[in-house]
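Listed below, chain by chain, are the residues.
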Amino acid sequence: MSSENPNIAEKSPFESHAEVIVRMFPSDANPAGNVFGGEILKHIDMVAGIVAQRHAQSNAVTVSMDSVNFLKPVFVGNVLTLNARINYVHKSSMEIEVKAEAEDIVTGIRTVTGTAFVTFVALDKNGKPRSVPKLSLKTDDDRTKFEEGKIRMDNRLKNRQK
């Protein structure tokens, strides 16, 4: 693994947070007007990647996407808002949590439509894993999400070795 970047200090989850807002169109959906799950996954991966690259200040690639839950449908015409935050870091890997929310802009009703955890690995200029900054855990919520993320990461690693 590449050496750590000495210019990067610890970062709080807030510093890497990202929000993306996308309007859903007929090309994003089936004939009934339900947005394709794959279209939503594409946006989840994109916003999680922004968080990972902001945190690592380098290229980062998707390693896994798990605990993806489609809770409610997203419809053509909805505005999809994706909020992403980093929960956990370990050497070169990072767990990003994404919450998807659909808004009917006519009624103003917002509904949580999905959640996901996406793992990224930071890469150096040669495409090799590189160390990422530690997380500065400033709030009880940050500490709780970090501990929960550590448990999920340990489980991911165990499942990969099977």
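Computed from a predicted structure; not experimentally measured. (Residues numbered from 1 in each chain as written. Predicted model: local features only at pLDDT ≥ 70, side-chain atom pairs only at ≥ 80, totals over all residues. Heavy atoms only, no water.)

Participant: I would appreciate a short explanation of the side chain of Glu103 in the present structure.
Facilitator: Looking at where Glu103 falls in the secondary structure, it is placed in strand β4 (residues 93-104). According to the relative accessible area criterion, Glu103 is buried, its value standing at 17%. If near-sequence neighbours (up to four positions away) are discounted, Glu103 is found in contact with Asn78, Val79, Gly108, Ile109 and Arg110. (Helix = DSSP H or I, 4+ residues; strand = E, 2+ residues; numbered from the N terminus. Buried < 20%, exposed > 50% of the residue type's maximum accessible area, 1.4 Å probe, protein only. Contact = heavy atoms within 4.5 Å.)

Participant: Any chance you could explain helix α2 (residues 37-56) here in plain terms?
Facilitator: Helix length check: α2, at 20 residues, gives a terminal C-alpha distance of 28 Å against a target of 28 Å (1.5 Å per residue), a fit within 8%. Those residues of α2 not exposed but buried are Glu39, Ile40, His43, Ile44, Val47, Ala48, Gly49, Val51, Ala52, His55 and Ala56. Packing partners of the buried residues in α2 comprise α1 (13-16), β1 (18-23), β2 (59-70), β3 (79-90), β4 and β5 (109-123). Directly beyond the C-terminal end of α2, a positive phi value near 55 degrees is found at Gln57. (Expected span 1.5 Å × (residues − 1).)

Participant: Is there a simple way to explain the packing of aromatic side chains in this structure?
Facilitator: Given two aromatic rings, their pairing is described by the distance between the two centres and the angle made by the two planes. Scanning the entire structure with this criterion turns up one aromatic pair. Residues Tyr88 and Phe146 carry aromatic rings whose centres are separated by 4.8 Å and whose planes lie at 50 degrees to one another, so their mutual orientation is tilted. With Tyr88 in strand β3 and Phe146 in helix α3 (residues 140-160), this pair connects stretches of sequence that are 58 residues apart. Residue Tyr88 shares its accessibility class with Phe146, and that shared class is buried. Directly above the ring of Phe117 sits Arg152, whose terminal nitrogen or CZ lies 3.8 Å from the centroid. (Phe/Tyr/Trp six-rings, centres within 6.5 Å; stacked < 30°, edge-to-face > 60°. Lys NZ or Arg CZ within 6 Å of the ring centre and 35° of its normal.)

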